[in-house]
Structures are given as C-alpha cells and as structure tokens.
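Spelled out from the first residue to the last, the chains are:
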Amino acid sequence: QVQLAESGGGLVQAGGSLRLSCTASGRTFSSYAMGWFRQAPGKEREFVARITVSGGKTYYADSVKGRFTISRDNAKNTVYLQMNSLKPEDTAVYYCAADYSGRSPFTRVGYEYWGQGTQVTVSS
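This text gives an overview of the structure that appears in the document.

About the thresholds
- The residue numbering used here restarts from 1 in each chain and proceeds along that chain's sequence as written.
- Thresholds applied to this predicted model are a pLDDT of at least 70 for local features of residues and 80 or more for the giving and counting of side-chain atom pairs; totals over whole chains, interfaces and linings are not thresholded and use all residues.
- With hydrogens and water excluded, all non-hydrogen atoms of the structure serve as input to the side-chain values.
- Secondary structure counts use DSSP, requiring at least four H or I residues in a row for a helix and at least two E residues in a row for a strand, with both numbered from the N terminus.
- As a reference, a globule follows 2.2 Å times the number of residues to the power 0.38, and the radius of gyration itself is taken over C-alpha atoms.
- Each residue is placed in one exposure class: buried if its accessible area under a 1.4 Å probe, protein chains only, is under 20% of its type's maximum, exposed if it is over 50%, and partly exposed if it falls in between.
- Residues are treated as being in contact if the distance between any of their heavy atoms lies within 4.5 Å.
- Under the convention used here, a 1.4 Å probe and the Shrake-Rupley method define accessible areas, while residue burial counts only the protein chains that appear.
- Within this scheme the basic residues Lys and Arg register as positive and the acidic residues Asp and Glu register as negative, but His and the chain ends are omitted.
- Here the site of a charge means NZ on Lys, CZ on Arg, CG on Asp, or CD on Glu.
- When DSSP finds two or more bridges between a pair of strands, those strands are recorded as paired.
- To get an axis, a line is fitted to the C-alpha atoms, and for a helix only the part in contact is used. The angle between two axes follows their N-to-C directions and goes from 0 to 180 degrees.

For the rest of this paragraph, the subject is the overall build of the chain. Per the secondary structure count, the chain includes 0 helices and 11 strands. For the chain, the succession of helices and strands along the chain, N to C, is β-β-β-β-β-β-β-β-β-β-β. Here the C-alpha atoms of the chain give a radius of gyration of 13 Å, agreeing with the 14 Å that 2.2 N^0.38 yields for 124 residues. By its C-alpha atoms, the chain is 40 × 25 × 25 Å across when sized along the principal axes. Here the chain holds 124 residues, and the buried ones make up 44% of them. Counting only contacts in the chain whose residues sit at least 6 apart along the sequence, the fraction spanning at least 24 positions is 57%. About 6,300 Å² of surface is accessible on the chain, with carbon and sulfur atoms providing 47% of the total. Averaged over its 14 positive side-chain charges, the chain has a centre that lies 4 Å from the centre of its 9 negative ones.

Following this line, the structure appears as structure tokens:
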C-alpha cells in the first residue's frame, strides 16, 4: 500500500503561481513513477504530468507544457508540481497518483494509488 497526501492548493489570480506537493508513505516511494491529474467540475479526470522513477524523464499534457514542472525528491518521498502562468481554465481538483506497472502511463487506469486531491482555483 501507498498512501498519498497532496497539499499546496488554493486561490490565485490569473498569471500567478502555486506549488503542489504530494507526500507518500507506506511502500517504497522510489519504486513508483508519479503523476498528477486534475478534474474540473463536470469534466473527466485528465492527465497533467508524469515523472519516472528516477526523475530522469518528465511528460506533460499539451495544455500545461511550458507552464508546469513536475519534480520529485525520493529522499523526502515527495513529488511536486510547480504551476506558473496559471489560467482560469486550470481550475480543478488536482490529484497525485502512483504507478508501479507503467502499462498505461497517461491514463488514470494506469495508476494504482491516489491521493484525496487538493483544490486549485484561478480567478480571472
């Protein structure tokens, strides 16, 4: 089992920045690729970013590329999502997730463990 807990969400004006954190406990954090997803009201949960086990490779949805940065600190069992140049359309609940198998890296079904989510609201 892996327990994930997100933090760092909040209300920010358009153009501002937020840094989300996700801390893991339980089984070995460094064995899991990590991802961030988001879900806006009335919409499906969508992929945002992914980082490999070592942190050597990162992947982003086109909608956030160049604005968001995913990183991880395996010594602290934590993955981060730095969000810059935020837009109102970034408003959503953001979830971190852990993936052991790697079979479906960009869809929600590929992740075995999920956090409870943290709300990000971007005002115009």
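From this point, things continue past the structure.
Along the chain, Phe68 falls in strand S7 (residues 68-73). Sequence separation between Phe68 and Leu86 is 18 residues, and the spatial gap between their C-alpha atoms is 8.9 Å. The contact partners of Phe68, leaving out residues within four places of it in the chain, are Arg38, Val48, Tyr60, Leu81, Gln82, Met83, Asn84, Leu86, Asp90 and Tyr94.

Take the sheet that holds strand S1 (residues 2-7) next. Taken in spatial order, the 4 strands of this open sheet run S1-S3-S8-S7, and their pairing is antiparallel. The two strands at the open ends of the sheet, each matched to only one other strand, are S1 and S7. Shown here is a sheet whose adjacent strand axes are inclined to one another by a mean of 15°, direction ignored. Here 6 bridges tie S7 to strand S8 (residues 78-83), and the two strands are oriented antiparallel to one another. Its bridge partner lying in S8, Arg72 is registered against Val79.

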